[in-house]
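Working through the structure, step by step
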Amino acid sequence: MTMTGPKPLSCPLITGLQSVAYLALRLNPAIHYDRSLLDKDDAMPDGARPSLFRCLMGLVLVAAPAAAQEGAGAEAEQLVLAADPFETTDPLAAKPGEAELAFIGIYERARQGAYRDTGAVATEIQLGVAPRLEIRFGQLGAYGNLQTRGRPATSGATGTDPSQGNGAGPAWGGSTRLGFLYQITEERGAVPVISLLGRVLSVYGPGTPSHEGEVAALFGKTLGSGARAVGLNLNLGWTTRFAPLPGERPNQYSFTAAVGTGVSRDTVVVLSHARRQQERGERDFSLVEVGVRHRFADDWPILGFAIGAGTTRDTPALLVSFAAQWSFGAGAR
């Protein structure tokens, strides 16, 4: 049996991202670069335009002027709220001119199936474009038993081919995500950080690709101060499939809660629980994770490690994940 990766995509999400990046580049005179680098398509197949590389380059370059002008004078914030690699989404929006880039590696072990392993790699860029408003772009690719994926990695209707993600053999899958996060409140007194996240997803794999919309309310609260502060996270989400296939749920809910306790200004230990509704006939995805996030220096990436276990039969028996997060711009955390 010969396995092949997913075909190059001509994705409307990437098209929209390219347009945003190009507009930001042309409106920001502080960025100096060779524009011809973003116009080269010689090495790309026709079906792969617009270039994902051009989009990522454009978003990183938008934040470059702020990093150059402000330097490293700002002191990094206390680490307390949960973020990558945990299932919890951070409610704090990047400030205008700031950007965050994260790389995440994931290994999962299914409870059953002839082939039980799944490996995945994810990237995400967060770009502050206005006060309390940021753009988020993410890409995930996975290979293995895709039926265990908590983050969407395979489309529905996998068919009867035993190699197509039903546990009998490995398969390729992934998702492309584009969205916006708006931070409604700042944390003051008893008022937590409250944000609204909205995004669209293209989910592809061995079956028919699907397109989804997701909206989530994000809450974050810090208790206490100093190195021993405690951070609380709560995510409440709702996902809608735009054209569900027969037998698929058109809507699914999600819930994530996490608590983090500071060990030092640069280290936080996190315990989280994520729960998501799955397809009819399947129990909810329910995962408990514990791990740590650590920053070695103010200008170094934040590294995170998490290990988790499922509490239902349709959740991975084991999940191990690692993340590295870079921040660019003034006041980067």
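Before reading on, note that the structure itself is shown above.
Let me begin by describing the structure that accompanies this report.

Rules used in this analysis
Residues numbered from 1 in each chain as written. Predicted model: local features only at pLDDT ≥ 70, side-chain atom pairs only at ≥ 80, totals over all residues. Heavy atoms only, no water. Salt bridge = Lys/Arg side-chain N within 4 Å of Asp/Glu carboxyl O. Buried < 20%, exposed > 50% of the residue type's maximum accessible area, 1.4 Å probe, protein only. Helix = DSSP H or I, 4+ residues; strand = E, 2+ residues; numbered from the N terminus. Polar contact = N/O pair within 3.5 Å; in protein donor to acceptor, adjacent residues only side chain to side chain. Contact = heavy atoms within 4.5 Å.

Quick look at the pattern of salt bridges
Per the stated rule, a full pass over the model turns up 13 salt bridges. With a closest N to O distance of 3.8 Å, Arg-241 and Glu-248 form a salt bridge. Residue Arg-241 is classed as buried on the basis of its relative accessible area, which comes to 12%. Residue Glu-248 is classed as buried on the basis of its relative accessible area, which comes to 10%. Ionic pairing is found between Arg-313 and Asp-314, a salt bridge with its closest N-O pair at 3.8 Å. Counted as one network, the salt bridges with shared partners bring together Glu-212, Arg-241, Glu-248 and Glu-279.

Some thoughts on the side chain of Glu-134
Note on placement: Glu-134 falls in strand β3 (residues 133–144). Using a relative accessible area of 0% as the deciding quantity, one classes Glu-134 as buried. A polar contact of 2.4 Å, which involves the side chain of Glu-134, links it to the side chain of Arg-136. For Glu-134, the residues in contact, after removing those within four places along its chain, are Leu-92, Ala-93, Ala-94, Gln-126, Leu-127, Gly-128, Val-129, Gly-179, Phe-180 and Leu-181.

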